[in-house]
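# Summary of the model geometry
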Amino acid sequence: MGKGVKGAASGEQHENIEMFDPAQQGSYMDRREMTKDQMEDAVRAGSVPHVNTSEAVDIAKNGGWEVDALMTEMQKEIDAQGGDNNGHFDLEFQNPKYFTYLIVAFASMGGMLSGLDQSLISGANLFLPGDLGLNDRQNSLVNSGMSLGAVGGAIILSPANEYLGRRWAIILSCILYTIGYVEHYHQVSHEF
Amino acid sequence: MLSITIKLVMSSNQDHSGALEAAAMNYGMIIAARVILGFGVGLEGGTVPVYVAETVERRYRGNMVSLYQFNIALGEVLGYAVAAMFVTVDGNWRYILGSSLLFSTIMGIGMLYMPESPRFLMHKGKPVEAFKVWKRIRGIEHLDSREEFYVMKMSQEQEDEEVAAGRGNAKYPWMDLFTEPRARRAFVYANVMIFLGQVCIPWHCIVLLARKMLTWSFCSSPVSMPLPTS
C-alpha cells in the first residue's frame, strides 16, 4: 500500500543523512542542492522525498531526479513480488499506443449503446402500442421508463465505482443491458 | 425488484377488461425491462468518460472524452438504420428494441480484457498495481508518462495525509460537496442548470415521438421518413 511503501523507505532513511527527512527541511528547492552521491544514495535506499502536489508538479516540469527514483523504487517492489506475471486477461502490446486505441474503441461503444437505446424506442413506438394494447398513459410510461432507470443508475454510480472499480462498474452496466434486452425478447415466447 | 415493479404497475392499471389484463403482464415486463436498461445507461454514462480520461495521454484526453459524446449522436443515427432494417419483419418491435444485444455483448467481452484504471488503483492504496498497469498502457519510456505517474502518486499521498489528519469530513471526503461553500455553489448551479435544460426544453418529447408526429402530419410509410430523431 502507499503508506507501507513510504514506511519501508523511511526505515532506511535513518542510515542516510537527515537530508531526506521532510520535517527538517525547507521547500524542495533546498533538497535539490544535493551532490550526485547523495542522489545515488537516495535512489539505492529507495527513499523518495515527500512533497505535496504543487511541488510535485514543479519537480516534474523541471525534470527532477525524484521522478526516476520513484520508478526505480516501484520496479524494485514489483521484482520483490515476483515480477510481472500477466494473466490471460492482461494484454500487453509492443507499442502502448495501441492500448489507447483499444480502450477508447471499447469504451466509446458504451456511448453508442446509449444513443441507440434512446433512438430505438422511437422506432418501436410505431408498433409497440398496437401489439401490446397499451393506452396512451401506459405508452408514455414505457417510453420514459429508460430515463427513469437512468436516475437509479446515476444513484448507484458512486458506490459501484468505489467498491467495484471503474472496469467492473462498466462490466456491470453491460450485464444490466443484457438483462434488459433479454427481457424484451422473453416476451416473444411468453405470448405464444 | 421485477415482481415489485410488475405489482406496482398492475395496481395502477385502471382498465379492467380481460384483454388488457392479459396484456398487462407483458406491459409490466416491458416496463421492468426498460428500467433495468436505464440502470445500465445511467451507470455507464458517468463511468465511461471518467475511465477514458484516466487512462489516455494528456494530449488526447479532450478528444477522447468528446468521442464518447460523438458516439451517442452516432448511435442515434444507427438507431434509425436498425429500425428501418426491422420494420418489415414480423413481431418487429421486439427485434428493434433488442437488436443492440450484439453491441452490448461485444462491449462486455471487450471490457474484460481492458485494465483497471491506474488512478483508481492508486486511490485504493495499491501503487504497485498502478505502476504495473501504467507500464502496460502508457509505457515509461517517455518523460510525460513518468512525470504524470509521479505527480499522481504524490497527490495521492497528500490526499491520504489530509484525510488521516482529520481535515473536515475525514471519513467521507465526498461530503465536501455539501459542506465546502465553493463546492456547494458549483453543485447547486450545475444541478439547477441541467434540471432547467431537461424540463424547460422538451427535447425528449420531440425525440421520442418524432416519428409519430411526422406520420400524422406528412407521410404514411414509416421507413420513407427522413431522419427525425436527433
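Structure: above.
Now for a look at the structure at hand.

Cut-offs applied
Residues numbered from 1 in each chain as written. Chains lettered and ligands numbered in written order. Predicted model: local features only at pLDDT ≥ 70, side-chain atom pairs only at ≥ 80, totals over all residues. Heavy atoms only, no water. Helix = DSSP H or I, 4+ residues; strand = E, 2+ residues; numbered from the N terminus. Buried < 20%, exposed > 50% of the residue type's maximum accessible area, 1.4 Å probe, protein only. Contact = heavy atoms within 4.5 Å. Axes fitted to C-alpha atoms, helices over the stretch in contact; angles between N-to-C directions. Parallel < 35°, antiparallel > 145°, perpendicular 65-115°, else oblique. Nonpolar A, V, L, I, M, F, W, Y, C, P; charged D, E, K, R; others polar. Phe/Tyr/Trp six-rings, centres within 6.5 Å; stacked < 30°, edge-to-face > 60°. Salt bridge = Lys/Arg side-chain N within 4 Å of Asp/Glu carboxyl O. Buried area = accessible area lost by both parts, 1.4 Å probe. Patch = residues over 30% accessible without salt bridge, like charges linked within 9 Å, V, L, I, M, F, W, Y side chains within 5 Å. Areas by Shrake-Rupley, 256 points an atom, 1.4 Å probe, with all protein chains shown as cover. Polar contact = N/O pair within 3.5 Å; in protein donor to acceptor, adjacent residues only side chain to side chain. Core = buried A, V, L, I, M, F, W, Y, C linked by side-chain atoms within 4.5 Å.

On a plain count of helices and strands, chain B comes out with eleven helices and zero strands. Relative to its full complement of 230 residues, chain B shows a buried share of 43%. Of the contacts formed within chain B by residues at least 6 apart in sequence, a portion of 41% connects residues at least 24 apart.

Further remarks concern the packing of helix 5 (residues 65-80) of chain A against helix 8 (residues 143-164) of chain B. For the pair helix 5 of chain A and helix 8 of chain B, interaxial distance at closest approach is 9 Å and the crossing angle is 80°. With respect to helix 8 of chain B, the element helix 5 of chain A is oriented roughly perpendicular. Packed against helix 5 of chain A, whose contacting residues are Glu66(A), Val67(A), Asp68(A), Leu70(A), Met71(A) and Met74(A), the element helix 8 of chain B presents Arg146(B), Glu147(B), Phe149(B), Tyr150(B) and Lys153(B) at the interface. Looking at the contact of helix 5 of chain A with helix 8 of chain B residue by residue, the classes come out as six nonpolar, no polar and five charged.

This paragraph deals with the packing of aromatic side chains. All names here are of chain B. The full count for this structure, using the stated rule, is three aromatic pairs over all chains. Plain terms: the ring middles of Phe131 and Phe149 are 5.2 Å apart, the flat faces sit at 50° to each other, and that makes the pair tilted. Within this pair, whereas Phe131 is found in helix 7 (residues 127-137), its partner Phe149 is found in helix 8, the two being separated by 18 residues in sequence. Per residue, the accessibility class of Phe131 equals that of Phe149, and both read buried. Judged by centre distance (5.6 Å) and plane angle (50°), the rings of Trp134 and Phe149 are tilted. Within this pair, whereas Trp134 is found in helix 7, its partner Phe149 is found in helix 8, the two being separated by 15 residues in sequence. Phe149 gets classed as buried once you look at its relative accessible area, which sits at 0%. Among the aromatic residues, those joined into a ring-pair cluster are Phe131, Trp134 and Phe149.

On inspection of all chains with the given rule, the structure shows eight salt bridges over all chains. The closest approach of N and O atoms between Glu162(A) and Lys124(B), which form a salt bridge, is 3.4 Å. Here Glu162(A), found in helix 9 (residues 157-164), pairs with Lys124(B), found in the loop between helix 6 (118-123) and helix 7, and the two come from separate chains. One salt bridge in this structure joins Arg166(A) and Glu54(B), with 3.0 Å as the shortest N-O distance. Placement of Arg166(A) in helix 10 (residues 166-191) and of Glu54(B) in helix 2 (residues 18-55) is noted, with the two residues assigned to different chains. On the accessibility criterion, Arg166(A) (13% relative accessible area) is buried. Glu54(B) sits in the buried class, given a relative accessible area of 12%. One network of salt bridges, in which partners are shared, links Arg58(B), Arg61(B), Arg138(B) and Glu148(B).

The next point concerns the interface of chain A and chain B. Interface size, as often reported, equals the accessible area lost upon joining of the parts. Listed per partner, the contact involves 111 residues of chain A and 109 residues of chain B. Carbon and sulfur atoms supply 69% of the area buried between chain A and chain B, which totals about 11100 Å² over both sides. Across the contact surface, chain A and chain B share three salt bridges. In this structure, Glu57(B) and Lys97(A) form a salt bridge, with 3.7 Å as the shortest nitrogen-oxygen distance. Put simply, the parts of the chain that give the side of chain A that touches chain B at least two residues each are helix 1 (2-13), helix 4 (53-62), helix 5, helix 6 (96-124), helix 7 (128-132), helix 8 (136-155), helix 9 and helix 10 of chain A. Looking at the side of chain A that touches chain B, the element that brings in the most residues is helix 6 of chain A, giving 26 residues. Looking at the side of chain A that touches chain B, its residues break down into 56 nonpolar, 38 polar and 17 charged.

All names here are of chain B. Side chains of Val188, Tyr189, Val192, Met193, Phe195, Leu196 and Val199 sit close together on the surface and give an oily, nonpolar patch of about 710 Å² of accessible area. Relative to the elements of secondary structure, Met193 occurs in helix 10 (residues 181-199). Looking at Met193, the relative accessible area reads 44%, which means it is partly exposed.

Another point: the side chain of Ser100(B). You can see Ser100(B) is positioned in the loop between helix 4 (92-98) and helix 5 (101-112). Its relative accessible area of 1% is what places Ser100(B) among the buried residues. Looking at Ser100(B), its side chain comes within polar contact range of the side chain of Tyr181(A), at 3.0 Å. The residues contacting Ser100(B), other than those within four sequence positions of it, are Leu113(A), Leu116(A), Asp117(A), Leu120(A) and Tyr181(A).

Glancing now at the nonpolar core. Met107(B), Met111(B), Met114(B), Phe131(B) and Phe149(B) are the most contacted members of the largest nonpolar core, which has 45 residues in total. With eight residues, helix 6 of chain A is the largest single contributor of residues to this core. Each residue touching Phe131(B), except ones within four places of it in the same chain, is listed here: Met71(A), Met74(A), Gln75(A), Ile78(A), Ile140(B) and Phe149(B). Grouped together as the second largest cluster of nonpolar side chains are 16 residues, Ala124(A), Val142(A), Tyr27(B) and Ile30(B) included.

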